[in-house]
Each structure stands twice: as C-alpha cells, then as structure tokens.
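Chain by chain, the residues run as shown.
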Amino acid sequence: MKRFLVTLSLLANIVSGAAGCCCRPQDYSFYIKVGSGISFPEPANVFAPYPPWNPAIQGYDSKLGNRSIASLSVGCELLDVVDLEVNISNRSTFKYRKFQIPTTGGGSYTRKFDLNVTSILFCANLLGREIPSCNWDIDCGKIYPLIGAGLGISNLLITNFRTTGLPSTGDSAPYPSFSAENQYTLRKKFTYTLLAGFEYSHNTYWAIGTGYRWFNAGHFKGPRYQRVASGSAVDVADATWKMRFRSHEWFIEFKIFI
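In this convention, every chain numbers its residues from 1, walking through the sequence in written order. Note on the predicted model: pLDDT of at least 70 is required for a residue's local features to be given, and 80 or more for side-chain atom pairs to be given and counted; whole-chain, interface and lining totals, by contrast, use all residues. Side-chain measures here rest on the full set of heavy atoms in the structure, leaving out hydrogens and waters.

Colleague: Help me understand the overall build of the protein in this model?
Modeller: A tally of helices and strands in the protein yields one helix and 11 strands. A burial count over the protein gives 38% of its 258 residues as buried. Whether two residues are in contact is decided by their heavy atoms, any of which lying within 4.5 Å being enough. For the protein, restricting intrachain contacts to residue pairs at least 6 apart in sequence, the fraction spanning at least 24 positions comes to 72%. Only DSSP runs of H or I with at least four residues qualify as helices, and only runs of E with at least two residues qualify as strands; both kinds are numbered from the N terminus onward. Exposure classes here rest on a 1.4 Å probe applied to the protein chains alone. A residue is buried below 20% of its type maximum, exposed above 50%, and partly exposed in between.

Laid out in structure tokens, this is it:
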C-alpha cells in the first residue's frame with residue numbers, strides 16, 4: 001500500500017509539472033501576413049550596343065511608371081523581437097516607352113516593352129516591441145519601430161518587346177510596320193531588400209505595419225532573339241539590351257497570428 005501511494009505521488013508530480021510547462025507563455029508565434037503598397041522604380045538605365053541598335057537623340061533610358069504591390073508572407077515571431085519569414089510578392093506590369101529619332105537621320109519610332117517583377121525572399125525583421133524606450137503603449141497594444149532585410153530571387157518577365165511606328169514596308173502598307181519583336185523573355189536575378197518603418201501590435205492577435213523599402217533586383221539582359229521587319233529571326237547574341245530594376249517602395253502589411 002505504501003509503495004502504491006509513493007507511485008501515485010510521483011505520477012501526480014509529473015502531471016502537475018507537465019501542466020505547468022503547458023501553461024508557460026510561448027516564446028514564438030507563427031503568423032500570416034498580407035501586404036500592399038506602391039513601387040516607385042528608378043529609370044531602367046538601358047544600354048543598347050551599337051551596332052545593331054541605332055543611336056538616338058533621346059537616348060534609350062526611360063522611366064517605368066509607378067505600380068502597385070501585392071504580397072503574402074508566412075513567418076515566425078521569436079521572443080517578440082525578431083520576425084523570420086518567407087515572402088512572395090508581385091509588382092504589377094511596368095511599361096517602358098521611349099520615343100526616338102536616330103542621330104543618323106530618318107523617321108521616328110517608339111521602343112517599348114512591359115515588365116513584370118515577382119520575387120521570393122527570405123526576410124528578417126528586428127522589432128522594437130520589447131526594447132526599452134523603443135515602444136509606446138496605445139489602446140491595448142504597442143507601437144514600435146522595425147528594421148529588416150531580405151534576400152532571394154526575382155523573376156523579371158519581359159513581354160511585348162518591340163519597336164513600333166516604323167514606315168510601312170512591303171505587305172504592311174498602308175499601315176506602319178514594327179521590328180525587333182519578342183513576346184516573352186524571363187530573367188532570374190538575385191534580389192535584396194532593406195526596410196524601415198513602424199508596426200502596431202494589438203495584444204497577441206494581430207499587427208499592422210508600414211514604412212519604406214529599398215528593392216534591388218540588379219542588372220539583367222533583354223531579349224536575345226528578335227524578329228525584324230522583314231520577318232526574319234535574328235540572334236543578337238551579346239548585343240542584347242542591358243538594364244536594371246531598382247525601386248523605392250512604400251508598403252503596408254497586416255499580420256495575423258495563428
């Protein structure tokens with residue numbers, strides 16, 4: 001009987017200890033985050049080798065226009081100090097349009113292409129939530145600064161690459177012709193981001209953040225294979241366009257803990 005009571009006492013201690021462990025607050029939390037914002041890219045900084053590309057009075061560089069961002073992240077928040085996450089984001093179609101007049105004379109035309117940027121990044125964000133003097137209590141929550149960085153890869157999809165507005169030739173008459181046409185070129189480039197902003201966390205249920213992000217997908221090449229006005233296919237080899245994608249961005253993100 002005594003041995004039974006001792007065994008029962010040991011089991012009770014083990015169960016109570018396990019219950020105590022289960023009741024301890026976790027030092028990590030998983031979350032899902034959706035985001036949006038606006039991308040303000042720098043000019044494409046196009047370099048087009050001569051030959052085969054004609055020098056132009058206006059040059060080749062041009063703005064791409066500002067576009068919206070859509071993103072989705074899955075991550076883990078550690079000790080209320082660091083977010084580690086995987087992020088996928090898309091920047092809707094940018095448009096390159098450059099009116100040109102050749103320096104050698106002749107009629108004008110317009111170079112154009114569309115660019116879609118989709119990235120997958122591994123990100124780490126440092127939160128000021130538990131850092132003394134770096135957080136402020138507001139309505140059942142806290143507001144605090146955040147800084148972060150991301151590394152990964154971007155798919156740079158070039159579509160509708162062509163030169164339009166050329167004089168009518170052959171069967172195109174009386175309509176203008178086009179040249180240097182390529183429908184689809186995909187480039188994959190190493191990408192990094194840096195960001196700084198503020199986040200508001202409502203208890204341990206959700207958080208919302210906003211701020212500035214620097215997005216750099218580096219330099220990449222344009223289409224290698226072209227179809228010219230005569231209908232012939234041309235391999236321009238090393239004479240492809242060389243350009244870059246770098247962008248200043250405003251972002252807003254909503255995070256819900258699961």
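Colleague: Explain the nonpolar core here, please?
Modeller: In summary, soluble globular proteins display a tendency toward joint burial of nonpolar side chains. Core analysis: the biggest nonpolar cluster contains 21 residues, and Tyr96, Phe113, Leu115, Trp241 and Phe245 have the highest contact counts within it. Contributions of two or more residues to this core are made by β3 (82–100), β4 (109–127), β6 (141–166), β8 (206–221) and β11 (242–257). Apart from the residues within four sequence positions on either side, Tyr96 is in contact with Ala44, Val46, Tyr60, Ser62, Lys63, Leu64, Arg111, Lys112, Phe113 and Trp241. By nonpolar core we mean a set of buried residues, namely Ala, Val, Leu, Ile, Met, Phe, Trp, Tyr and Cys, connected to one another through side-chain atoms within 4.5 Å.

Colleague: Explain the layout of surface pockets to me, please; I cannot follow it from the model alone.
Modeller: Unfilled space is identified by rolling a water-sized probe across the atoms. The method works on a 1 Å grid over the protein atoms by themselves. A cavity is a set of points holding a 1.4 Å probe that cannot get out, a pocket is an open set with protein on both sides within 12 Å along at least five of seven lines, and residues with an atom within 4 Å of a point line them. Grid points are joined across faces, edges and corners, and a volume is the space filled by probe spheres set on the points. Estimated volume of the largest pocket: approximately 240 Å³. Residue lining of the largest pocket: 13 residues in total, with Pro52, Trp53, Arg111, Ser179 and Ala180 positioned closest to the centre. Residue assignment for the lining of the largest pocket shows that the elements contributing at least two residues are β4, β6 and β7 (177–202). Following the grouping adopted for this structure description, the nonpolar residues are Ala, Val, Leu, Ile, Met, Phe, Trp, Tyr, Cys and Pro, the charged ones are Asp, Glu, Lys and Arg, and the polar ones are all others, Gly among them. Among the residues making up the lining of the largest pocket, the classes are represented as eight nonpolar, four polar and one charged.

Colleague: What is the right way to look at the side chain of Glu77 in this model?
Modeller: The topology assignment puts Glu77 in strand β2 (residues 67–78). Separated by 3.0 Å, the side chains of Glu77 and Lys255 make a polar contact. Among all residues touching Glu77, those that are not within four sequence positions of it are Asp27, Tyr28, Ser29, Tyr31, Val82, Asp83, Leu127, Arg129, Lys255 and Phe257. Two N or O atoms form a polar contact when they lie within 3.5 Å of each other; inside protein one atom must be a possible hydrogen donor and the other a possible acceptor, and for residues adjacent in sequence the pair counts only when both atoms belong to side chains.

Colleague: Teacher, can you tell me more about unusual backbone geometry here?
Modeller: Both trends apply: most residues other than glycine have a negative phi, and most peptide bonds are in trans. Looking along the chain, the bond that leaves Tyr50 and enters Pro51 is cis, with omega of -15 degrees. With respect to the helices, strands and loops of the structure, Pro51 is situated in the loop between β1 (28–41) and β2. The backbone of Cys140 shows a phi angle near 65 degrees, a positive value even though the residue is not glycine. For Cys140, the location among the structural elements is in the loop between β5 (136–138) and β6. Look at Cys140 and you get exposed, because its relative accessible area is 52%. Of note in the backbone geometry, Ala237 takes a positive phi value of approximately 50 degrees without being a glycine. Look at Ala237 and you get partly exposed, because its relative accessible area is 33%.

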